[in-house]
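# Commentary on secondary and tertiary structure
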Amino acid sequence: MDAILVLCRLLHYASALFLFGIGAFQGWLAPQHLARSLDAALGRAVSVAAVIGLLSAVAWLFLASGEMGDGWSDVWSPATWYAVLTDTEFGHVWQIHLLLGAALVSFLVSGWGRHWRLVTVLGAVYLGSLGFIGHAVMLEGAAGRISRASHVVHLLAGGFWLGALVALTACLGKFGDNDLQSDISHALQRFSGLGHLAVAAVVATGFVNVALVLGHWPNDTSSPYQLLLLWKIGLVAVMVGLAVVNRYVLVPKLRDNDASLQALRLFTVVELALGVCVVALVSLFGNLPPK
Ligand code: HEM
């Protein structure tokens, strides 16, 4: 059951992060002409993310019922689902989370998904609500409030970073279209400004999370939690390195040579793939005891 829960957490985190970040790119970063040209592809991507998000949220509730109850028999027990939803802190958050997930699916599937700013606002609450479950709520009082706030900012900044990378990959595929080139350069500039902030926020809140959840630097590699956390920090360091090369080496040469465009495309995809690995790691160690 643990392995299925980890997969479920991965699908759920990834879909919520992408949904919010793609929405923010389309709603705020992409100039109108570019946003229209990406509408169909990114609209489909967020609709798929919303459906995966809702299915994995329901599966997460079932599996949490099994973990809190008596194993597989409680995974399929409506009475246990009801008890989890009404009697636990996770359940209270999950009621709102499931409603938001269902609203996003109906909104996107009915074609209203072109209202990107509304998708982003709903997506922000949907993603941010994940900061009120798990190890984020281990502490009470002021430390508990800081922990929840830090997890919410961590999720939103991480979502902005990863979702924008998906949209940028789609943008770079259109760089050959002369009509779109200046819009794409514009979007890259805007992403660069906010991207710096998002990366700084992810890293800063990541360290706050380490301090509050674990209480010290992860230096004991015999602890699976700490080992996986160290891997996560290492992968994020590589992602930051790639982001710096993309921004300061490749983007300035984009109009002058084709090799820079090819390299930028490749590095953006690699950065994105590493981002998915980072989310996979947290899906795994966030389910382990932090020690
Ligand atoms: C691309 C960058 C990153 C992404 C996409 C990311 C994503 C996530 C996600 C989805 C969660 C689970 C949500 C939650 O628990 O509220 C999380 C939790 C966490 N992250 Fe990150 N993260 C990133 C960078 C970092 C960095 C640089 C650090 C450490 C310096 C870090 C440390 C943590 C910790 C300690 C947790 C709490 C895990 C737990 O519940 O036990 N993260 N991150």
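Identification of the protein chain as Copper resistance protein CopD from Pseudaminobacter soli is taken from an unreviewed UniProt entry. Regarding the protein chain, the relevant UniProt record gives this comment under Subcellular location (unreviewed entry): "Cell membrane".

To continue, consider the environment of His-186. Within the fold, His-186 resides in helix H8 (residues 178-214). Between the alpha carbons of His-186 and Val-46 there is a distance of 23 Å; along the sequence they are 140 residues apart.

Take the UniProt feature "domain: Copper resistance protein D" (unreviewed entry) in the protein chain next. Under the local residue numbering, the UniProt record ascribes the feature "domain: Copper resistance protein D" (unreviewed entry) to residues 186-284. Along residues 186-284 the backbone is 84% helical and 0% strand, and the end-to-end C-alpha distance reaches 38 Å.

Close contacts around the ligand come from 24 residues, with His-135, His-151, His-154, Tyr-225 and Lys-232 the closest. Within the side chain of Lys-232, one N or O atom sits 2.5 Å away from a nitrogen atom of the ligand. Where the shell around the ligand is concerned, the elements lending two or more residues are helix H7 (141-172), H8, helix H9 (224-250) and helix H10 (258-285). Per-class residue counts for the shell around the ligand are 17 nonpolar, six polar and one charged.

Turning to the pattern of salt bridges, a few remarks are in order. The tally for this structure, following the rule as stated, stands at one salt bridge. Residue Glu-89 pairs with Arg-148 through a salt bridge whose shortest N-O separation is 3.2 Å. Remark: Arg-148 occurs in helix H7 and Glu-89 occurs in helix H5 (residues 89-109); sequence separation between them is 59 residues. A relative accessible area of 42% means that Glu-89 is categorised as partly exposed.

This part is about the packing of aromatic side chains. The final tally for this structure, using the stated rule, is nine aromatic pairs. Pairing Phe-62 with Trp-76 gives two aromatic rings, centres 6.2 Å apart and planes at 65 degrees, and the pair type is edge-to-face. Linking Phe-62 in helix H2 (residues 32-68) with Trp-76 in the loop between helix H3 (72-75) and helix H4 (78-87), this pair joins segments that are 14 residues apart in sequence. Of the residues examined, Phe-62 reaches a relative accessible area of 19% and is grouped as buried. The exposure class assigned to Trp-76 is exposed, which follows from its relative accessible area of 58%. Ring centres 6.2 Å apart and planes at 20 degrees place the aromatic pair Phe-207 and Trp-217 in the stacked group. Taken together, the residues span a long stretch of sequence, with Phe-207 in helix H8 and Trp-217 in the loop between H8 and H9 at a distance of 10 residues. A residue is classified by how much of its surface remains accessible, and Phe-207, at 42% relative accessible area, is partly exposed.

A word on the coordination of the iron atom of the ligand. Taken together, the protein donors to the iron atom of the ligand comprise His-154 (NE2) and Lys-232 (NZ), at separations of 1.7 to 2.0 Å. Viewed at the metal, the six donor atoms of the iron atom of the ligand are separated by angles of 84 to 179 degrees, and the geometry they form is octahedral. Pair noted here: His-154 is in helix H7 and Lys-232 is in helix H9, with a separation of 78 residues, a long-range link. Overall, the relative accessible area of 17% leaves His-154 in the buried class. The exposure class assigned to Lys-232 is buried, which follows from its relative accessible area of 13%.

Mapped onto the elements, Thr-268 comes out in helix H10. Thr-268 gets classed as buried once you look at its relative accessible area, which sits at 4%. If we skip the residues at most four places from it in the chain, Thr-268 touches Leu-165, Leu-168, Thr-169, Leu-172 and Asn-246.

Below, the discussion takes up the UniProt feature "transmembrane region" (unreviewed entry) in the protein chain. The sites that carry the UniProt feature "transmembrane region" (unreviewed entry) are, in the present numbering, residues 12-30, 42-63, 94-112, 119-139, 151-173, 194-217, 229-251 and 263-285. Annotated as 88% helix and 0% strand, the span residues 194-217 places its first and last C-alpha atoms 28 Å apart.

Okay, the environment of Ser-147 next. Residue placement: Ser-147 occurs in helix H7. As a C-alpha pair, Ser-147 and Leu-235 span 88 residues in sequence and 23 Å in three-dimensional space. Setting aside its immediate chain neighbours within four residues, Ser-147 contacts His-135, Ala-136 and Leu-212. A polar side-chain atom of Ser-147 sits 2.8 Å from the main-chain carbonyl oxygen of Ala-136.

Looking now at the environment of Leu-272. With respect to the helices and strands, Leu-272 occurs in helix H10. Distance in space between the C-alpha atoms of Leu-272 and Asp-179 is 27 Å, their sequence separation being 93 residues. Aside from chain neighbours lying at most four places away, what touches Leu-272 is Phe-18, Leu-162, Leu-165, Val-166 and Thr-169.

What counts, and at which threshold
Residues numbered from 1 in each chain as written. Predicted model: local features only at pLDDT ≥ 70, side-chain atom pairs only at ≥ 80, totals over all residues. Heavy atoms only, no water. UniProt positions renumbered as here; feature names shortened; annotations may be inferred. Helix = DSSP H or I, 4+ residues; strand = E, 2+ residues; numbered from the N terminus. Near = heavy atom within 4 Å. Polar contact = N/O pair within 3.5 Å; in protein donor to acceptor, adjacent residues only side chain to side chain. Nonpolar A, V, L, I, M, F, W, Y, C, P; charged D, E, K, R; others polar. Salt bridge = Lys/Arg side-chain N within 4 Å of Asp/Glu carboxyl O. Buried < 20%, exposed > 50% of the residue type's maximum accessible area, 1.4 Å probe, protein only. Phe/Tyr/Trp six-rings, centres within 6.5 Å; stacked < 30°, edge-to-face > 60°. Donors = N, O, S within 2.8 Å, 3.2 Å for Na, K, Ca; no water. Tetrahedral: all angles 85-135°; square planar, octahedral: opposite > 155°, others 65-115°. Contact = heavy atoms within 4.5 Å.

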